[in-house]
Amino acid sequence: MAWRTPKVFITRNQIYDAVQRLAEEIRRDYWTAPPLLLSTLKGSFMFLADLVRVLDLPVEIAFVRLSSYGGGTVSSGQIEVVQDLSEDIHDKAVLVIEDIIDSGRTVGFLHAYLAPRAPASVRVCTLLDKPQRRQVPVTIDYCGFTIPDVFVVGYGLDWNEQYRHLPDICVLEP
Ligand code: PRP
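Everything quoted here is computed from the prediction, not taken from an experiment.

Draft legend 1. Looking closely at the sheet that holds strand E3 (residues 60-67). Strand order across the open sheet formed by 6 strands is E4-E3-E2-E5-E6-E7, with mixed pairing between neighbours. Because the sheet does not close on itself, it has two edges, and the strands there are strand E4 (80-83) and strand E7 (142-146). On average, each strand axis in the sheet is inclined to that of its neighbour by 30°, with strand direction left out of account. Pairing analysis gives 6 bridges linking strand E2 (residues 36-41) to E3, with the strands arranged parallel. Bridge pairing links Leu37 to Ile61 in E3. Along the sheet face, helix H3 (residues 105-114) touches E2, E3, E4, strand E5 (93-101) and strand E6 (121-129) and points at about 160° away from the line of E5.

Draft legend 2. Representation of H3 within the structure. Considered for burial, the residues of H3 that qualify are Thr106, Val107, Leu110, Tyr113 and Leu114. End-on view of H3: buried residues confined to an arc of 120°, all on one side of the axis. At its buried positions, H3 is contacted by E2, E3, E4, E5 and E6.

Draft legend 3. Quick look at the pattern of salt bridges. By the definition in use, this model includes 14 salt bridges. Note that Asp129 is salt-bridged to Arg134, the shortest N-O span being 2.5 Å. Asp129 gets classed as buried once you look at its relative accessible area, which sits at 9%. Using a relative accessible area of 23% as the deciding quantity, one classes Arg134 as partly exposed. Close ionic contact of Asp149 with Arg133 constitutes a salt bridge, the shortest N to O distance being 3.9 Å.

Draft legend 4. Fine view of the sheet that holds strand E9 (residues 169-172). As summarised here, the arrangement of the 3 strands in space is E1-E9-E8, forming an open sheet in which the pairing is antiparallel. Looking at the sheet topology across the chains shown, the edges are occupied by strand E1 (6-10) and strand E8 (152-153). Sheet topology places E8 next to E9; 2 bridges connect them, and they run antiparallel. Each bridged residue has a counterpart across the sheet, and for Val153 the counterpart in E9 is Cys170.

Draft legend 5. Main features of the side chain of Arg164. Position of Arg164 relative to the elements: it lies in the loop between E8 and E9. Setting aside residues up to four positions removed in sequence, Arg164 forms contacts with Lys42, Gly43, Phe45, Met46, Gly154, Tyr155, Gly156, Leu157 and Asp158.

So, how was this worked out
- Residues numbered from 1 in each chain as written.
- Predicted model: local features only at pLDDT ≥ 70, side-chain atom pairs only at ≥ 80, totals over all residues.
- Heavy atoms only, no water.
- Pairing = 2+ DSSP bridges.
- Helix = DSSP H or I, 4+ residues; strand = E, 2+ residues; numbered from the N terminus.
- Axes fitted to C-alpha atoms, helices over the stretch in contact; angles between N-to-C directions.
- Contact = heavy atoms within 4.5 Å.
- Buried < 20%, exposed > 50% of the residue type's maximum accessible area, 1.4 Å probe, protein only.
- Arc of directions from axis to C-beta.
- Salt bridge = Lys/Arg side-chain N within 4 Å of Asp/Glu carboxyl O.

All quantities given are derived from atomic positions and should not be read as evidence of function.
See below:
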C-alpha cells in the first residue's frame with residue numbers, strides 16, 4: 001500500500017507532558033507496591049519505553065501480543081493472541097499499558113484472558129482514548145488524551161505496519 005503523508009496531530013512535546021503526568025499519577029497510586037506493567041504489543045512499545053523511564057518505580061515488565069486490525073483501519077472485532085503472556089501474574093498488581101482504546105474489545109478481551117491467572121488487581125493505562133468508537137464498555141484508570149474518531153498513526157501506532165516509528169502522533173493526509 002502506498003505511503004501517505006502524515007500530519008502531526010499530537011506533538012512529541014505534548015506526548016512528553018502527558019507521559020510525565022501519567023507517571024506522576026501511577027507513582028502516587030503504586031509507590032508502596034509497584035505494579036507489573038503489561039504492555040500490549042505491538043502498538044504500546046514506545047509508550048511503555050517512555051513511561052517506564054520516568055516512572056521511577058521498580059516495576060516488572062511483561063508483554064502480550066494481541067491483534068485485532070488485520071491490515072485495515074477498522075478493527076476486525078476478532079482478537080487473536082499472537083504471543084502469550086509467559087510471566088506468572090498470580091497475586092500481582094497488573095497495570096495494562098495500551099497505546100489506544102478504540103472499540104474496547106482488546107481491553108475487554110484482556111480482562112477475561114487475565115482473570116484465570118488470578119492477579120491481585122488489573123488496572124488500565126492508555127495513551128489515547130477514542131470513546132466515540134466504543135463497542136465494549138471499559139474502565140480506564142489512567143488516560144493521556146481523549147481524541148475524536150480519527151485514524152492515528154505514529155508513536156507505536158501503525159497503518160498496515162507502517163508509521164510506527166514516527167515520534168509524533170499523526171493523521172494521514174489523503
Ligand atoms: C490496536 C491497539 C490496541 C487495540 C485497540 O492494536 O494497539 O491494542 O488495537 O483497539 P480496540 O479498542 O478496538 O480493541 P492492533 O490490534 O492494531 O495491533 P498492534 O498493537 O500490533 O498494532
